[in-house]
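Per-entry structural report
The chain contents come next:
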Amino acid sequence: MIIEAHALRKTFIARRGRGKTEEVEAVKGVDLSVAEGEIFAALGPNGAGKTTTVRMLATFTVPTAGTAIVAGHDVVKEAAKVRERIGYVSQAGGVDENAPGLENLLLAARLAGHSRKQALVRADELLATFSLTEIAGRPVKTLSGGQKRRFALAIGLVNRPPLVFLDEPTTGLDPQNRANLWDEVRALRDQGTSVLLTTHYLDEADALCDRLVIIDNGLVVAEGTPEALKKEVAGDVVTLRVDDLAAAERLLAAQPYIKETQPQDDALRAYLDDGEHNLAALLRALEVEGLAIRSISLDRATLDDVFLRHTGRSLRDAA
Amino acid sequence: MFRHTMLFLGYELGNVRRNPAWAVLGILQPVLYLLLFAPLLTQTTRSGTLGEALRMFTPGSMMMIALFGSMFAGFSMINETRNGVLERLAVSQAWRPAIILGRVTKDMLVLAFQALLVMGVAVLMGLRLSLAATLLMLLLMAATGLFAASLSYGLALAIRDENGLSQIVQFFALPLTLLAGMLLPVSLGPEWMQTVARFNPLYYSVEAGRSLFADRLSDTTIPVAFGIFAVLGALSLAWSVRSLGKLAG
């Protein structure tokens, strides 16, 4: 395990006006274990405690309680050793926009212990990997969002860390740049680098990670592979809108092929396996009962359904 | 540790080199003061010459850049608390004090360079300066800059708000300027003003500057000013490094 965290907690003292303080429990007890060579995601709405968790694991924030061993060392007692073996790309990126990307890279490489010559070699490698060679001399503020993000990633990898933290790596990127960044993250894993990323995008966690935890309100509410988590809910989901929701809920509960029903706004989400076959039976049952259907749709269950099941609300509404 | 300080210094100087216009613009204000204000002072001096007015006024105008230029150094750091640069450096292998030390050293070097330019203009206008006085004045500027810049970084890390920092700097700047006798010597004022001025550290650097420019190199004001700024510089530096450690909350 490259990350082993137990009961991590973080309480901030927030100032509320004159002399008044308030304790804010950002993280209420998180257990995490990430295997070597794995892409691991922490999925959750904004404010769930993902960033604080990552900051504790990356030695930026000292935990209020709990322990974490990262890359073989304790994050509190051996922070310096952890720092040698991790890369950290924060949500903000951490690139000095007034300087050229190359200068950013060279400074980071030299701080990591490279000589001037080694730093140049390493910077060249990273520039080539992320297709940044041609824009290496331009001030970062003149670059596009995707290019800045690639520089941030390159800087995070300068010391060849076995573990990289990526905090919301694709927030604000257009779909093309997002897809490219996903490829770059997969390439990292293929070279044996472990990745812990946070995201509030369901599709990102689903498509990219090997395992994930869902974090809500400072707690882990579910953990597993995307497939296993979705399977726990069901293969498919029927979203049904009718006038009499209560009657529909009773009817759905009586159907043997419906595993579970969750109300969501003015609709019902009914979970079932083998949806293509069972949809016909469901339609018949609704007709027999005389319930007028306003709309009905059949989809594959997503991680949002997992989130809904564990928290009672949709990730889209949770932010 | 020293290596990391030098790395940060080199990086910061690289940024100055790429945008030298800002550092050069910084000397505009004291030069304008020399050109447009010093001549007004000739009547107030004993001999009534521009040379004497320059001897009295140039050190004050130089301390103005030491104070103003350096007090605004923190603005770049407020930006760095937001764009993630400090966050990244905090979890890198960098020795943390070097992050501040490198920047403060850059500020001191830029200040010494600006001071040299201002003294050059004053000499062209008719001021006479010995080599020893010039070198000591550069050191005094650097010591004042060490204090003002570290204080500014410390304030930036504590406040983390451009408006707040700018209000605080403005709030203190004018009284500190007048009570240091930067424009006109405090000795021209009433006794209470002279008493209050003694609590203003900048008063000592301006006085020491005047002694240097008058070539009174053995004047006690000089070691007193260096002593005060060595202590204040160390304190403000320690404070800003500590504030950096608290960044994570």
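Residues numbered from 1 in each chain as written. Chains lettered and ligands numbered in written order. Predicted model: local features only at pLDDT ≥ 70, side-chain atom pairs only at ≥ 80, totals over all residues.

Put simply, the rule reads: UniProt positions are given in the numbering used here, feature names are shortened, and annotations may be inferred rather than shown by experiment.
For chain B, an unreviewed UniProt entry supplies the name Transport permease protein and the organism Streptosporangium carneum. UniProt, in its Sequence similarities (unreviewed entry) section for chain B, records the words "Belongs to the ABC-2 integral membrane protein family."

The name given to chain A in an unreviewed UniProt entry is Daunorubicin resistance protein DrrA family ABC transporter ATP-binding protein, and the organism recorded there is Streptosporangium carneum. The record in UniProt for chain A states the following under Subcellular location (unreviewed entry): "Cell membrane".

Brief notes about the overall build of chain A
Rules: Counting from the N terminus, the helices are the DSSP runs of H or I reaching at least four residues and the strands are the DSSP runs of E reaching at least two. A residue is called partly exposed when the number of other C-beta atoms within 10 Å of its own lies between 12 and 20, exposed at 12 or fewer, and buried at 20 or more, with C-beta atoms placed from the backbone. A pair of residues counts as a contact when their C-beta atoms, built from backbone coordinates, are separated by no more than 7 Å.
Within chain A, the secondary structure is distributed over 12 helices and 14 strands. Summarising its shape, the C-alpha atoms of chain A cover approximately 80 × 50 × 40 Å along the three principal directions. Residues counted as buried form 45% of the 319 residues belonging to chain A. Looking at chain A alone, contacts between residues at least 24 apart form 70% of all its contacts between residues at least 6 apart.

Remarks on the sheet that holds strand β11 (residues 236-242) of chain A
Residue and element names in this part refer to chain A. In plain terms, the rule: A pair of strands is treated as paired once DSSP finds two or more bridges between them. Note on geometry: axes are lines fitted to C-alpha atoms, helical ones only across the stretch in contact, with angles between N-to-C directions running from 0 to 180 degrees.
Pairing is antiparallel in the open sheet, where 4 strands are placed in the order β12-β13-β11-β14. Two strands close off the open sheet at either side, each with one partner strand: β12 (258-264) and β14 (293-300). Shown here is a sheet whose adjacent strand axes are inclined to one another by a mean of 20°, direction ignored. In the sheet, β12 pairs with strand β13 (residues 267-272) via 6 bridges, with the strands oriented antiparallel. Looking across to β13, one finds that Pro263 is bridged to Leu268. Here helix α10 (residues 275-289) sits on the sheet in contact with β11, β13 and β14, set at roughly 25° to β11.

Things to note about the confidence of the model for chain B
Put simply, the rule is: pLDDT runs from 0 to 100 and stands for how confident the predictor is about each residue.
Overall, the predicted model of chain B reaches an average pLDDT of 91, with 100% of residues at or above 70. Complex prediction metrics read pTM 0.87 and ipTM 0.88.

Concerning the nonpolar core
What counts is decided by this rule: By definition, a nonpolar core groups buried Ala, Val, Leu, Ile, Met, Phe, Trp, Tyr and Cys residues that are joined through C-beta atoms within 7 Å. Boundaries between domains were set according to an automatic or database domain assignment.
Core analysis: the biggest nonpolar cluster contains 169 residues, and Leu57(A), Leu105(A) and Phe165(A) have the highest contact counts within it. With 15 residues, helix α9 (residues 131-159) of chain B is the single largest residue contributor to this core. When residues of this core are assigned to domains, at least three fall in each of domain 1 (3-229) and domain 2 (235-300) of chain A. The residues touching Leu57(A), leaving out its near neighbours within four places in the chain, are Ile3(A), Ala5(A), Ala68(A), Val70(A), Val75(A) and Phe165(A).

A closer look at the UniProt feature "transmembrane region" (unreviewed entry) in chain B
All names here are of chain B. Listed under "transmembrane region" (unreviewed entry) in the UniProt record, and renumbered for this structure, are residues 21-41, 61-78, 108-127, 133-156, 168-188 and 222-241. Along residues 108-127, the helical share is 85% and the strand share 0%, with 24 Å between the first and last C-alpha atoms. Helix makes up 100% of residues 222-241 and strand 0%. Its end C-alpha atoms lie 28 Å apart.

Regarding unusual backbone geometry
Residue and element names in this part refer to chain A. Of note in this structure, Thr59 is not a glycine but carries a positive phi near 70°. Counting through the fold element by element, Thr59 comes out in the loop between α1 (50-57) and β4 (65-70). Phi at Arg160 takes a positive value of approximately 45°, unusual for a residue other than glycine. With respect to the element layout, Arg160 can be found in the loop between α5 (145-156) and β7 (163-167). Looking at Arg160, the number of C-beta atoms within 10 Å reads 13, which means it is partly exposed.

A short note on the domain arrangement of chain A
Each assigned domain of chain A is listed with its residue range as follows: domain 1 (3-229) and domain 2 (235-300). Using C-alpha coordinates to define each centre, domain 1 of chain A is positioned 41 Å away from domain 2 of chain A.

What to know about the UniProt feature "domain: ABC transporter" (unreviewed entry) in chain A
Those residues carrying the UniProt feature "domain: ABC transporter" (unreviewed entry) are residues 8-242 of chain A in this numbering. Measuring from the first to the last C-alpha atom of residues 8-242 of chain A gives 44 Å, for a span that is 35% helix and 29% strand.

Some words on the pairing of β14(A)
Residue and element names in this part refer to chain A. Counted residue by residue, β14 has 0 buried out of 8 residues, so it is predominantly exposed. Pairing analysis gives 7 bridges linking β11 to β14, with the strands arranged antiparallel. Residue Val237 lies in a different strand from β14, and its bridge partner there is Asp299.

Section: the interface of chain A and chain B
What counts here: Put simply, Ala, Val, Leu, Ile, Met, Phe, Trp, Tyr, Cys and Pro go in the nonpolar bin, Asp, Glu, Lys and Arg in the charged bin, and everything else, Gly too, in the polar bin.
Facing 24 residues of chain A, the contacting portion of chain B comprises 18 residues. Those elements giving two or more residues to the side of chain A that touches chain B turn out to be α2 (79-84) and α3 (101-111) of chain A. The biggest single contributor to the side of chain A that touches chain B is α3(A), with 5 residues. For the side of chain A that touches chain B, the class distribution of residues is 10 nonpolar, 7 polar and 7 charged.

A few points about the packing of helix α8 (residues 96-124) of chain B against helix α13 (residues 221-245) of chain B
All names here are of chain B. Condition: Put simply, angles under 35 degrees are roughly parallel, angles over 145 are roughly antiparallel, angles from 65 to 115 are roughly perpendicular, and the rest are oblique. The crossing is said to be left-handed when, going from far helix to near helix, the turn is anticlockwise and less than a right angle, and right-handed when the turn is clockwise.
As a packed pair, α8 and α13 sit with axes 9 Å apart at the nearest point and diverge in direction by 130°. The orientation of α8 relative to α13 falls into the category oblique. Note on packing geometry: the crossing formed by α8 with α13 is right-handed. Along the contact surface, α8 presents Arg96, Pro97, Ile99, Ile100 and Val104, while α13 presents Leu237, Ser240, Val241, Leu244 and Gly245. For the contact of α8 with α13, the per-class residue count stands at 7 nonpolar, 2 polar and 1 charged.

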